[in-house]
Amino acid sequence: MVTLYQNKIQEQLHMMMKTANTNTSFISVNEKTDNIDPLRFFHLGEEFSLGQRFFWSDPANEAVYVGLGCAYSIEVSHHENRFMEVEHEWKRFIKQVMFDQKGRGPLLFGGFSFDPLKAKTKRWVNFPEAKMIIPMMLLSIVKGDSSITITIPSKNNEEELLRIEQMLALLQQEKTVQYEHNATCVKIFEIEKDEWLTAVAKATSDIRNGELGKVVLAREARLLFDKRINPTVVLKRLREQQPFSYVFAFENGSDCFLGASPEQLVKKDDDMCYSTCLAGSIRRGKTLKEDKELGNWLLQDSKNLHEHRFVVDMIREAMLEVCDEVIIPDQPSLLKMRDIQHLYTPVKGFSRQPISLLSLVERLHPTPALGGTPRSKALRKIREIEPLDRGWYASPIGWLDAKGNGEFAVAIRSGLLQGNEVSIFAGCGVVGDSDPLSEYEETRVKFKPMLSALGGSENE
Ligand SMILES: C=C(O[C@@H]1C=C(C(=O)O)C=C[C@H]1O)C(=O)O
Ligand SMILES: [Mg+2]
C-alpha cells in the first residue's frame, strides 16, 4: 500500500517536469508527511544516498533535518572568499529551481574547514575548505511537523526518479530498524600528547610576554574498532546522551564527520541575529552539592572569566557592525551539559539592513572560543605550534534556506569516522595563567561526549 504523501510526491514531480521551462534546471517538491523517525530515515537512506547524508538537530529540537543524496554540490577548495563563493553559487542555484512558492524550497547543508591556510593531512581529503549540498531527498521536522522535499534535475532524471520511488517504498515498510552497536573499541591512542603539552606551555609564555591575549589549542585521540562503525548508532547515542546539543553529521563517501556541540555560532531569522559566547569550563559534579560548588567556582574563577571575556568582546563588536541593537547580559551564566559545564552568554541583535547568514559566519569564524585574540595572531600561532590538522573540527556547520535564514553551530565535541577508525578532537582556551596539565584534563572532559557515544571507555 502506498500512503497518500508518497503518491502526491510522485504526482507533483511529474506535473512539474511537464511545466518546467527552459530556465529551469531543477525541480523541487515538498509534501507534508506523517511522523517519520529521523534516525530511521538516516539509516534507511544509506543505499539511496550513495555516501552523502546530512543530519542536524538543534538543542530545542525545533528543527531536525536529514538530507539524503546530493542534487547539487557547492565546493570550494581554495583559500580565499569561500563563504561568499558559496553564497553566490547558492543564489545562482536557487534561480534555476522551480518550486512551489508556498513551500520553503530546497535547503543547503554543509560546512567549512577551520583554517584554509593550515597544512593539510590525508585524513581530511574528503572535506574541502567549503562543501555544502542540496540533498536530493530531505526530511524536515520543524516544530514537530514533518515534510519531505525532493530536489532533482528537471530533465534526464530517470535514474533519480527510480531511486526516489525505491526509497519511498522502503520508508513505508513496517519493519522496525535495529541500530545496535556491534563494533567494539580495541584501542585508544592519544596523539602527540607531549607535543601538545609543550605547545600549551609555549602559548602561555607567549601570552605572558604580551604577544597575544588568548589562543585555543586542540588535540586528537584516535580509536580503533574491530569493525566499521555505523554512524546511525553514534547519532542515536548522541541524541540520547546529549539532548541539549546540536547533533550533526556530514557524510562524504566512506567518511562521516559528526558530533554533539553545545555551541551556536550564529542563527538568522529575518532581521533577528543570534550568537553564543561559550568559554570557560569545569566538569560536572558527582553529587548535586559538588556540581553546584563546581558551578559557583566557575562563575567566579578569574582565569575562566578572562577566557570568556575575550569571546563576549569580540562577538559584541562583530554584531554591532551589522546590528542596531545588541542585547548581551552583563554576567555569564552556566550551561550544564551531561559531562561538562561552561560559562555562557547569549547574544541577540536586530540587523540594520538585510545581511546574509554566510557573511555573519565569515565575520564570526573563528570566535576567540575556538581561535583566540587577536584573531590573526592566534591563527598564526595555531598554525605554528598546534600538532593537529583540525579539518572541519571547530568550524561552522549548518544550513540555510532560499530566503537566507538558517543556523550554524561550531563543530566541537566531534569526531571523524573512517571505517574502523575514529579521530576525536578537543581543545581549550589558553590564557596567561593556564596550567598545561589542567588544560589537558579539560580536553579529557571534552572528549567524553564522543567517547561515550562511540562506546569507548570513560563512560562513567
Ligand atoms: C575547543 C573546545 O571548546 C571550546 C573551549 C572552551 C574552554 O576552553 O573553556 C569552552 C567551550 C568551547 O568554546 C572543544 O570542545 O574542543
Ligand atoms: Mg577553557
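Residues numbered from 1 in each chain as written. Chains lettered and ligands numbered in written order. Predicted model: local features only at pLDDT ≥ 70, side-chain atom pairs only at ≥ 80, totals over all residues. Heavy atoms only, no water.

## Considerations on the UniProt feature "active site" (unreviewed entry) in the protein
Mapped onto this numbering, the UniProt entry annotates "active site" (unreviewed entry) at Lys214 and Glu263. Along the chain, Lys214 turns up in strand S11 (residues 214–225). Among the residues examined, Lys214 registers a relative accessible area of 1% and is labelled buried. There is a polar contact of 3.1 Å between the side chain of Lys214 and the backbone oxygen of Glu307. Looking at the secondary structure, you find Glu263 in the loop between strand S13 (255–261) and strand S14 (264–269). (UniProt positions renumbered as here; feature names shortened; annotations may be inferred. Helix = DSSP H or I, 4+ residues; strand = E, 2+ residues; numbered from the N terminus. Buried < 20%, exposed > 50% of the residue type's maximum accessible area, 1.4 Å probe, protein only. Polar contact = N/O pair within 3.5 Å; in protein donor to acceptor, adjacent residues only side chain to side chain.)

## Comments concerning the site of ligand 1
Residues in close proximity to ligand 1 total 18 residues, the closest being Glu263, Leu278, Ser281, Tyr393 and Arg413. Take Leu278: an N or O atom from its main chain is 2.8 Å from an oxygen atom of ligand 1. Gly427 places a main-chain nitrogen or oxygen 2.8 Å from an oxygen atom of ligand 1. Within the complex, 100% of the 400 Å² of free accessible area of ligand 1 lies under protein. (Near = heavy atom within 4 Å. Areas by Shrake-Rupley, 256 points an atom, 1.4 Å probe, with all protein chains shown as cover.)

## Digging into the UniProt feature "binding site: Mg(2+)" (unreviewed entry) in the protein
Taken from the UniProt record, the annotation "binding site: Mg(2+)" (unreviewed entry) applies to Glu307 and Glu442. The largest pairwise C-alpha distance within this set of annotated residues, which runs over 136 residues, is 13.5 Å, so the set is compact in three dimensions. Its relative accessible area of 2% is what places Glu307 among the buried residues. Ignoring sequence-local partners within four residues, the contact set of Glu307 consists of Lys214, Ala279, Gly280, Gly429 and Val431. Within polar-contact distance, the side chain of Glu307 engages the side chain of Lys303 at 2.9 Å. Within the fold, Glu442 resides in helix H12 (residues 436–454). Aside from chain neighbours lying at most four places away, what touches Glu442 is Ser281, Lys303 and Cys428. Of the polar contacts made by the side chain of Glu442, one reaches the side chain of Ser281; its length is 3.4 Å. (Contact = heavy atoms within 4.5 Å.)

## With respect to the domain arrangement of the protein
Domain boundaries assigned for the protein yield domain 1 (4–172) and domain 2 (185–230 + 262–454). Here the C-alpha centroids of domain 1 and domain 2 sit 28 Å apart. Taken together, the 37 residues of domain 1 in the interface contact 41 residues of domain 2. The contact between domain 1 and domain 2 buries some 3,300 Å² in all, and 60% of this surface belongs to carbon and sulfur atoms. The three residues of domain 1 that bury the most area against domain 2 are Phe114, Arg123 and Trp124, which together make up 28% of that side's buried surface. At the junction of domain 1 and domain 2, the tally comes to 5 salt bridges. (Domains from an automatic or database assignment. Buried area = accessible area lost by both parts, 1.4 Å probe. Salt bridge = Lys/Arg side-chain N within 4 Å of Asp/Glu carboxyl O.)

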